Number of protein chains: 2
Amino acid sequence: MASHHQYSISDLAREFDITTRTIRYYEESGMLCPYRDGQTRLYNEADRVKLKLILRGKRLGFSLSESRELIEMYDPDSDNRHQINALLDKIHKRREQLEAQLHDIQLMQEELDEAEAKCMEAFNDD
Amino acid sequence: MASHHQYSISDLAREFDITTRTIRYYEESGMLCPYRDGQTRLYNEADRVKLKLILRGKRLGFSLSESRELIEMYDPDSDNRHQINALLDKIHKRREQLEAQLHDIQLMQEELDEAEAKCMEAFNDD
DNA sequence: TTGAACGTTTACGTTAACGTAAAGCAGGCG
DNA sequence: CGCCTGCTTTACGTTAACGTAAACGTTCAA
């Protein structure tokens, strides 16, 4: 059912507005392992999604290794109970972090409201 | 109206769970300039709030200089229209960033729900 | 009075996340 | 054929945000 797209490294670089160096660096760090046609890297849809997740993690302030942990949760290689419990624990902690972050964002948004109002006010005082 | 508290550098370090080096580094970067009693730094409530803002910015994935920009918006030194317009522009852009970030968080929360469900499922399959 | 417990400065070290430059191979085109 | 475009590798450089160590000055309780 479709979506057997192939992407070159610069296709992805263009789409996500990053450099090819960045993509290769993510591969160096073991976060991507594209198929090779000879020397040339060929990326499929799964690779593309992974890259997207990495970049979203980055926007959320996660380090690469933190993002890797998150992404590894979706890999179907969890085989024993101990692993699964560790994963559930990670999920729980991550969720707490996100909620704290949500709170931070709400606070900052309120303050942006105030700051904006203050600017407007200063604008009318002449 | 009180709140003329004084804090030592390690008071703040303890409260926010960071090192004194970190606090001094923020001063080096021009984000804090505490009162001095001789050589010794003495921080007041305003300094404490500033530090809190810096750390919140950090949790939100902002660099120090980005946080500085945000904090400077609250300093009452904006004197001309050009400045104010620039500030309003910054506020607008920051708000867009925050909304994108909110979206990212929501997505990630949904995925955490799914991941958790998947784990639970694997847990029941025995 | 001495020795912890706090503070200070100066200065070099470290890590993550790339940037950048050099040198080279593969394919298409005028 | 020569050149351009796009890919590759290797490898050293860079910046932010501190860590860490050395050497020194207070203060205060035993």
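Residues numbered from 1 in each chain as written. Chains lettered and ligands numbered in written order. Predicted model: local features only at pLDDT ≥ 70, side-chain atom pairs only at ≥ 80, totals over all residues. Heavy atoms only, no water.

- The name that an unreviewed UniProt entry assigns to chain A is Liu genes regulator, with the source organism given as Marinobacter zhanjiangensis.

Focus on the protein's contact with DNA strand D
Then comes step 1: Taken together, 17 residues lie near DNA strand D, and Ser10, Arg24 and Arg41 of chain A together with Thr19 and Tyr26 of chain B sit nearest.
Then comes step 2: Protein-adjacent atoms of DNA strand D, using a 4 Å cutoff, are sugar or phosphate at a proportion of 71%.
Then comes step 3: Take threonine 22 of chain B: an N or O atom from its side chain is 3.5 Å from a phosphate oxygen of DNA strand D.
Then comes step 4: Tyrosine 26 of chain B has a polar side-chain atom sitting 2.7 Å from a phosphate oxygen of DNA strand D.
Then comes step 5: Sorting the residues of the surface near DNA strand D by element identifies α1 (9-16), α2 (20-28) and β2 (40-42) of chain A together with α2 (20-28) of chain B as the ones contributing at least two each.
Then comes step 6: Residue contributions to the surface near DNA strand D peak at four residues, all from α2 of chain B. (Near = heavy atom within 4 Å. Polar contact = N/O pair within 3.5 Å; in protein donor to acceptor, adjacent residues only side chain to side chain. Helix = DSSP H or I, 4+ residues; strand = E, 2+ residues; numbered from the N terminus.)

Regarding unusual backbone geometry
Then comes step 1: In this model, aspartate 17 of chain A sits at a positive phi of 55°, which is unusual for a non-glycine residue.
Then comes step 2: Its place among the elements puts aspartate 17 of chain A in the loop between α1 and α2.

Focus: the protein's contact with DNA strand C
Then comes step 1: Close to DNA strand C lie 17 residues; Thr19 and Tyr26 of chain A together with Ser10, Arg24 and Arg41 of chain B are nearest.
Then comes step 2: Across the atoms of DNA strand C situated within 4 Å of the protein, the share located in sugar and phosphate is 71%.
Then comes step 3: Within the side chain of threonine 19 of chain A, one N or O atom sits 2.7 Å away from a phosphate oxygen of DNA strand C.
Then comes step 4: A distance of 3.2 Å separates a phosphate oxygen of DNA strand C from a polar atom in the side chain of arginine 36 of chain B.

As for the packing of helix α3 (residues 45-59) of chain A against helix α4 (residues 64-72) of chain A
Each pair of packed helices gets described by two things: the angle between the helix axes and the distance between those axes.
All names here are of chain A.
Then comes step 1: Where α3 contacts α4, the axes come no closer than 9 Å and their chain directions differ by 130°. By the criterion of interaxial angle, the relationship of α3 to α4 is oblique. Judged by the twist between their axes, the crossing of α3 over α4 is right-handed. Two secondary-structure elements touch here, α3 through Lys50, Leu53, Ile54, Gly57 and Lys58 and α4 through Leu64, Ser67 and Ile71.
Then comes step 2: Of the residues in the contact of α3 with α4, the class split is four nonpolar, two polar and two charged. (Axes fitted to C-alpha atoms, helices over the stretch in contact; angles between N-to-C directions. Parallel < 35°, antiparallel > 145°, perpendicular 65-115°, else oblique. Left-handed = near helix turned anticlockwise from the far one by under 90°. Contact = heavy atoms within 4.5 Å. Nonpolar A, V, L, I, M, F, W, Y, C, P; charged D, E, K, R; others polar.)

Re helix α1 (residues 9-16) of chain B
Residues and elements named next belong to chain B.
Then comes step 1: Among all positions in α1, only Ile9, Leu12, Ala13 and Phe16 are buried. Seen from one end, α1 has its buried residues packed into an arc of 100°, which puts them on one side.
Then comes step 2: Buried residues along α1 sit against α2, β2 (40-42) and α3 (45-59).
Then comes step 3: Looking one or two residues past α1, aspartate 17 carries a phi angle of roughly 55°, positive in sign. (Buried < 20%, exposed > 50% of the residue type's maximum accessible area, 1.4 Å probe, protein only. Arc of directions from axis to C-beta.)

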